[in-house]
Structure formats: C-alpha cells, structure tokens
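Fold and contact review
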Amino acid sequence: AAKTYKVSPTDGPDVRKDIGKLSALASGRLPSVEACPAGGTAALKSAISANSRTVDKASSISSDMASLVARIDKGRGDKAVSDARLVLEDRMKSASDLVASSKGKTEDDKPRTDLQTALKAAEKAKGSKDASKLKSASENLQNAIDKVNASISARKSREDRERREREEERKSQEAARQQEEQSAVPQVQPQQTPTYTPQYQAPRHSYTTPRRQAPQPSAPQTPTTPANPSQPAPSAPANPGNNGVIM
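Residues numbered from 1 in each chain as written. Predicted model: local features only at pLDDT ≥ 70, side-chain atom pairs only at ≥ 80, totals over all residues. Heavy atoms only, no water.

1. Remarks on the overall build of the protein
Counting its regular elements, the protein contains four helices and zero strands. Secondary structure elements of the protein, listed N to C terminal, follow the sequence α-α-α-α. Sequence separation of 24 or more characterises 70% of the internal contacts of the protein that already satisfy a separation of 6 or more. For the protein, the accessible area works out to roughly 20400 Å², and carbon and sulfur atoms hold 53% of it. (Helix = DSSP H or I, 4+ residues; strand = E, 2+ residues; numbered from the N terminus. Contact = heavy atoms within 4.5 Å. Areas by Shrake-Rupley, 256 points an atom, 1.4 Å probe, with all protein chains shown as cover.)

2. Considering the pattern of salt bridges
One pass over the full model with this rule turns up 16 salt bridges. With its nearest N and O atoms 2.8 Å apart, the salt bridge here joins Asp-114 to Lys-110. Placement of the pair is Asp-114 and Lys-110 together in helix α3 (residues 110-125), with a separation of four residues, close to one helical turn. (Salt bridge = Lys/Arg side-chain N within 4 Å of Asp/Glu carboxyl O.)

3. Overview of the nonpolar core
Leu-88, Met-92, Ala-95, Leu-115, Leu-141 and Ile-145 are the most contacted members of the largest nonpolar core, which totals 19 residues. Secondary structure elements with two or more residues in this core: α2 (41-101), α3 and α4 (131-184). In this structure, Leu-88 is in contact with Ala-122, Ala-125, Lys-126, Leu-134, Ala-137, Ser-138 and Leu-141, ignoring residues within four places of it in sequence. If you look at the next biggest cluster of nonpolar residues, it comprises nine residues, including Val-15, Ile-19, Met-65 and Val-69. (Core = buried A, V, L, I, M, F, W, Y, C linked by side-chain atoms within 4.5 Å. Buried < 20%, exposed > 50% of the residue type's maximum accessible area, 1.4 Å probe, protein only.)

4. Some points on the confidence of the model for the protein
Detailed conclusions should not be drawn from predicted coordinates in areas where pLDDT is low. On average, the protein scores 79 in pLDDT, and the residues at 70 or more come to 71%. Taken element by element, the predicted model of the protein shows its lowest mean pLDDT in helix α1 (residues 13-27) (87) and its highest in α3 (96). With pLDDT under 50 throughout, residues 222-247 is counted as low confidence; its partners more than four residues away or in other chains account for two contacts. (pLDDT = per-residue confidence, 0-100.)

5. Examining the side chain of Ser-128
One can find Ser-128 in the loop between α3 and α4. Take Ser-128: its relative accessible area is 18%, and that puts it in the buried class. Not counting chain neighbours up to four residues away, the residues in contact with Ser-128 comprise Val-81, Arg-85, Lys-133 and Leu-134.

6. Here's the deal with the side chain of Thr-106
Along the chain, Thr-106 falls in the loop between α2 and α3. Note on Thr-106: relative accessible area 4%, which makes it buried. Here the side chain of Thr-106 touches Asp-108 through a polar contact of 2.6 Å, landing on its backbone oxygen. (Polar contact = N/O pair within 3.5 Å; in protein donor to acceptor, adjacent residues only side chain to side chain.)

7. Describing the packing of α1 against α2
The contact between α1 and α2 brings their axes to 9 Å, and the two run at 155°. One way to sum up the angle between α1 and α2 is to call them roughly antiparallel. Judged by the sense of rotation from one axis to the other, the crossing of α1 with α2 is left-handed. Seen from α1, the contacting residues are Val-15, Asp-18, Ile-19, Lys-21, Leu-22, Leu-25 and Ala-26; seen from α2, they are Ile-61, Asp-64, Met-65, Leu-68, Val-69, Arg-71, Ile-72, Gly-75 and Arg-76. (Axes fitted to C-alpha atoms, helices over the stretch in contact; angles between N-to-C directions. Parallel < 35°, antiparallel > 145°, perpendicular 65-115°, else oblique. Left-handed = near helix turned anticlockwise from the far one by under 90°.)

Right under this line is the structure:
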C-alpha cells in the first residue's frame, strides 16, 4: 500500500503527514508465527498465545493502514474538489465579464449566446463535490470563452482590412482627381531669361587662286614723234656802259 501512496506536489500538509505514517507502518516487521510445539499442553498454549498476539498486532496495523489510506484519499479528494471549484469560479468571473464587454464586437451573436449557456451550466455545477464534474464545467466554459475571443479577433481583423481598403480607395480617388485637375489647367512654361555670353570668332580669310588667262597679242606700236626742243630765250642786250665789251 505504501508504494502506491507517494507525496504529490498538490498534497496538503495533513495528507503528507498521513502518507508518512502509512509508510512507517508498512515498513514495520511483525513477529514471526511460532510453530506448533510437540512438547505438551503448556508449550502449545504458549505458542497459541504468542500467535494470537501476532494476529492482533497485524490486525491493528492493517486497520491503522486502512484508516490512513481512507484519510489520504479523502484529503486528496477534498483538495481536488476545492482546487477545481476555485478554477471554475475564477473562470466564471472571466466569462461573465466577457459577456458584458463583447457586446457588439463579435462577428455574430452566437458565440456570446453559447457562452451565456455555458455560464449557466457552470453555475449549477459549482456546488458539486465531484471534482470531475467541476473540471468538465470549467473546460466547457473555457471553450466558450475561446470562441467569443476568436470571433472578436475575426471581426477586428475584418474591420481593419476594410478600413485599409477604404483608405487606399480614398487615396486612389484623390490622386485621380488631382491628376484630372492638373490635366485641365494649361501648363505655363517658365520664361527663361536670355543670357549673353560674349563670343569671339576669328576672321575668316579666304584665298582664291587667281585664274590664269591666255596671253593676248599686243597691238603694234606707233612710233612717237619727238617733241620739239625748247628754244633758248633771247639774251638781253649788252650794257652800253661797258662799251660793248662783255665782261
């Protein structure tokens, strides 16, 4: 029996103590049973008495062990029920809050209706002393809670996607409108201020090769008449004062 009852992390202090007692009883040794003596009536009575004491002690140990096992089982059962009820009560509070906060936030109202149904079933199961029933009610409630949360998440994702699509459509329409307005307005080319850059051009010299002409025959030359030689002017008459002698 002691081998099947080991301390568990979920055991309370009383259960741990009883498991220790059970282990001690199981490890004790009983006196050996005396064989039937062959030496007369007195020896036989002595053996019977000794064996009777052994039987009584074994019966007492067995009874004590049975009591310890019963207490251990009850303690563990009570602890399991208590723990399961605490989990269920905590989950019921979460479910009740979710019913109120999820209104208008799910894709449809069915998940919330199922959650309310599971919440009513949990309320009925809360007073049970059967840990398995409490755990079952708690699991059903958690499943309903998960479905409501999933529906909320699905609706939020859908609304976010539709919001993005509407925003993209708005931007697209705005871009098309701006493009249309720009197309309707004549485009004015910016007037550029002429710039003057002094430029120097080297004079262009052109050289034309003279064309050679065939020689023309020269006209015969007429002999020229020599001009009349100039006549010397007449000299003045001699001064008579010199007697006609020229000095």
